[in-house]
Amino acid sequence: MRLDVVSIFPEYLAPLDLSLIGKARRDGLLGLHVHDLRDFTHDRHRTVDDTPYGGGAGMVMKPEPWGEALDHIAGQGDSRPTLIVPGPGGTPFTQAMARELAQQDWLVFACGRYEGIDERVYEHARSAYDVRVVSLGDYVLNGGEVAVLAIVEAVARLLPGVIGNAASLVEESHEDGLLEYPVYTKPAQWDGRAVPDVLLSGDHGRIARWRHEQRLTRTAARRPDLLHASATLRGDDLPGEL
Ligand code: ADE
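Overview of the structure. (Residues numbered from 1 in each chain as written. Predicted model: local features only at pLDDT ≥ 70, side-chain atom pairs only at ≥ 80, totals over all residues.)

Per the secondary structure count, the chain includes 8 helices and 9 strands. Each of the three principal axes of the chain carries a C-alpha extent, and together these read 70 × 40 × 40 Å. When burial is assessed residue by residue, the chain has 23% of its 242 residues classed as buried. By sequence separation, contacts in the chain at least 24 residues apart represent 75% of the contacts at least 6 residues apart. (Helix = DSSP H or I, 4+ residues; strand = E, 2+ residues; numbered from the N terminus. Buried ≥ 20, exposed ≤ 12 C-beta atoms within 10 Å, placed from the backbone. Contact = placed C-beta atoms within 7 Å.)

The subject of this paragraph is helix H2 (residues 63–74). Over its 12 residues, H2 runs 16 Å from end to end, which matches the ideal 16 Å to within 8%, given 1.5 Å per residue. Along H2, the residues that are buried comprise Pro65, Trp66, Ala69, Leu70 and Ile73. End-on view of H2: buried residues confined to an arc of 120°, all on one side of the axis. Along its buried surface, H2 packs onto strand E1 (2–7), strand E2 (31–36), strand E4 (60–61), strand E6 (106–110) and helix H4 (120–125). (Expected span 1.5 Å × (residues − 1). Arc of directions from axis to C-beta.)

Every residue near the ligand is listed here: Pro86, Gly87, Pro88, Ser135, Leu136, Gly137, Tyr139, Val140, Leu141, Gly143, Gly144 and Ala147. With 3 residues, the single largest contributor to the shell around the ligand is strand E5 (residues 82–92). Split into classes, the residues belonging to the shell around the ligand amount to 7 nonpolar, 5 polar and no charged. (Near = placed C-beta within 6 Å. Nonpolar A, V, L, I, M, F, W, Y, C, P; charged D, E, K, R; others polar.)

Quick look at the sheet that holds E2 now. Taken in spatial order, the 5 strands of this open sheet run E2-E1-E6-E5-E7, and their pairing is parallel. Edge positions in the sheet fall to E2 and strand E7 (130–135), since each has one partner strand and no second. Across the sheet, the mean angle separating the axes of adjacent strands is 25° when strand polarity is ignored. Relative to E2, E1 runs parallel, the two being bridged by 6 bridges. The partner of valine 5 across the bridge, within E2, is valine 34. (Pairing = 2+ DSSP bridges. Axes fitted to C-alpha atoms, helices over the stretch in contact; angles between N-to-C directions.)

Have a look at this one:
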């Protein structure tokens, strides 16, 4: 998979050199290109923002450097990339979207700052890209860079060969609409607290049933919205109380 990221803070993407994502890059599973938006400006101050038409607070990112940067990147390959613009006004990012993006062979990320990017850039980009505005959640970050780190990590770990043990992907929170069960390791007693007996029983059927109950209880307590969504999908009657 090829990834391009455009930002005025290219150093923000340095963590993509670390851990499993860094290894995937060194193994050739991921090609990452980080671009400095200011390299596509032509004035002495390398200006990327200006005041908003119509007034209002803050600054808006100018269309010219974005247009040039996106044209330059799209011209580097022969397939049609997906352009992801992180922003609080986007479609919520989910595990299902991560799975969908993991099927693409080229993702380009445009990191906005300030009050956002001039709207005409989105229209312009649609001629060369499938454009998606994606939100990490209902809160406001200072720019798209942190969102890109999260999205790239969620997507890249789904690529074949990136995670050593593919089985560990199957039982995760959000893979089937429920949160994960609690996990324990040695010692069996710590701080006056015991590991639940069932996990030491060696009875795999009982363990599986216990884990499933834990997932339901946890999802009901922390994310009742998920429980309702997955029960509705399966056509289940929901228990009155969990
Ligand atoms: N940029 C600013 N806020 C954001 C959010 N919530 N999600 C994604 N990108 C953002």
